[in-house]
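# Residue-level structural notes
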Amino acid sequence: MDKWVKIIIDSLKEHNISVISYVPDISIDKVTKEIESDPYFKVIPASREEECIGIASGSYVSGVNSAIFMQSSGFGNCINALTSLNLPARIPIPIFINLRGEIGEFNIAQVTMGRSTKPILDVLNIPHVTLNNDINLEKKVSGNITLCYASKIPLAICISPLLHGGKIA
Amino acid sequence: MEVKLLRYDLMKNILQNSENSPIISNLGPTSDELWHLTKELEIHPRERNFYTYGSMGLCSSIALGISINTTEKVISIDGDGSLLMNLGTLSTIGRISPANLIIVVCDNEMWAQTGYQPTATAFNTDLEKVAKSCGFKNTFKCTNINEFKNTFSKSLNLNGPTMIVAKTKETGEFPEVTPVEPEFTVYRFRNSMMNNNEAKL
């Protein structure tokens, strides 16, 4: 598997994150495909990204850390869940978001939400980091997950085409 | 078919028969009534009550996330307005098929607290059939308290996931709004689920 994929999976295990909920994306698939064949993880593909927020939050409050994978378009489907559940109840969830609307984007429908994801996270005071290359990647992923649990709110780990270099879909 | 079932009575029966099972309640009067009932039955705070105050639609999704981490029965007390916002969760539940998950939908066929506007279940949507078509192992419909008591008791011993659609009616009054304590809810609930007795509030 690609180095960045392995680093993410190792970080999840390092932080005892064994429940993963996601809605697919072709680049995130490089990670979720490995996760699905790894017996360490319980994987719940959901019908909508907002549902992932509920599932991951339920897992956390029952004692098992959980992370979410989604595309930036899906982030747009999550806002009220994050603001009315995770923030007031203080439920930390690492959320991996593949950013659309970046270099090479061909689909106008993806542009605004992709480019608005980080400004919206800023407005909501939800911390985020963007992974553009594999420099210090282990520290960035693992260190931000640690920060997530210390803050007791969600934290977005955004990945861009510069990291995964994959096909955009 | 006269509807005689009150959400309050239904939840009282659930609380009296659920032992230490996690109960997740929908926002609004459902969580308010559950809180008042817990006081009335002198079991307050019930650490395994997961009250929700927002994120409408996610009650049963949260319950799904809880159900995969325990072997105990997990009970979601949802509403029709809430569930209709997130019908996809029924298909996810049907896919993952946790045997310990019971979804009780208090179906009053309306959004009550916002002015009693009718929802789609007042027209053509039959949530029991939706659940069945999503792969729920057991589905039931109840319209009176005795029917509910028998169904719920039976459900505690069935391999689910189980859906109970309880046709409820509103009384025209809402209970006093309870303290909104999402962070305490999580703290108590999570420590209870992790058997952490030292961190009791």
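Only a predicted model underlies this, so the values are computations on that prediction, with no experimental measurement involved.

Cut-off values and rules
- Residues numbered from 1 in each chain as written.
- Chains lettered and ligands numbered in written order.
- Predicted model: local features only at pLDDT ≥ 70, side-chain atom pairs only at ≥ 80, totals over all residues.
- Heavy atoms only, no water.
- Pairing = 2+ DSSP bridges.
- Helix = DSSP H or I, 4+ residues; strand = E, 2+ residues; numbered from the N terminus.
- Axes fitted to C-alpha atoms, helices over the stretch in contact; angles between N-to-C directions.
- Contact = heavy atoms within 4.5 Å.
- Salt bridge = Lys/Arg side-chain N within 4 Å of Asp/Glu carboxyl O.
- Buried < 20%, exposed > 50% of the residue type's maximum accessible area, 1.4 Å probe, protein only.

## Examining the sheet that holds strand β5 (residues 128-131) of chain A
All names here are of chain A. Pairing in this open sheet of six strands is parallel, and the strands run β2-β1-β3-β4-β6-β5 from one edge to the other. Here the strands that pair on one side only, and so sit at the sheet edges, are β2 (42-45) and β5. Adjacent strand axes in the sheet meet at a mean angle of 20° when their direction is disregarded. The pairing of β5 with strand β6 (residues 155-159) spans four bridges and is classified as parallel. Residue pairing for β6: V129 is matched across the bridge by I157. Across the sheet, helix α6 (residues 108-123) lies against β3 (65-71), β4 (94-98), β5 and β6, angled at about 135° from β5, the strand it touches most.

## Considering the pattern of salt bridges
Residues and elements named next belong to chain B. Under the criterion given, the structure shown has 15 salt bridges over all chains. Between R7 and E33 there is a salt bridge whose closest N-O contact spans 2.9 Å. Linking R7 in helix α1 (residues 7-17) with E33 in helix α2 (residues 29-40), this pair joins segments that are 26 residues apart in sequence. Classification of R7 as buried rests on a relative accessible area of 8%. Note on E33: relative accessible area 9%, which makes it buried. Note that D107 is salt-bridged to K167, the shortest N-O span being 2.8 Å. In this pair, D107 sits in strand β4 (residues 101-107) while K167 sits in strand β8 (residues 162-167), placing the two residues 60 residues apart along the sequence. Taken together, the salt bridges that share partners define one network made up of D126, E128, K129 and K141.

## Some remarks on the sheet that holds strand β2 (residues 49-51) of chain B
All names here are of chain B. Within the open sheet, the six strands sit side by side as β2-β1-β3-β4-β8-β7. Their pairing is parallel. The sheet is open, and its two edges are formed by β2 and β7 (138-142), each paired on a single side. Taken pair by pair, the neighbouring strands of this sheet meet at an average axis angle of 15°, ignoring direction. Pairing geometry for strand β1 (residues 23-25) and β2, over three bridges, is parallel. Its bridge partner lying in β2, I24 is registered against F50.

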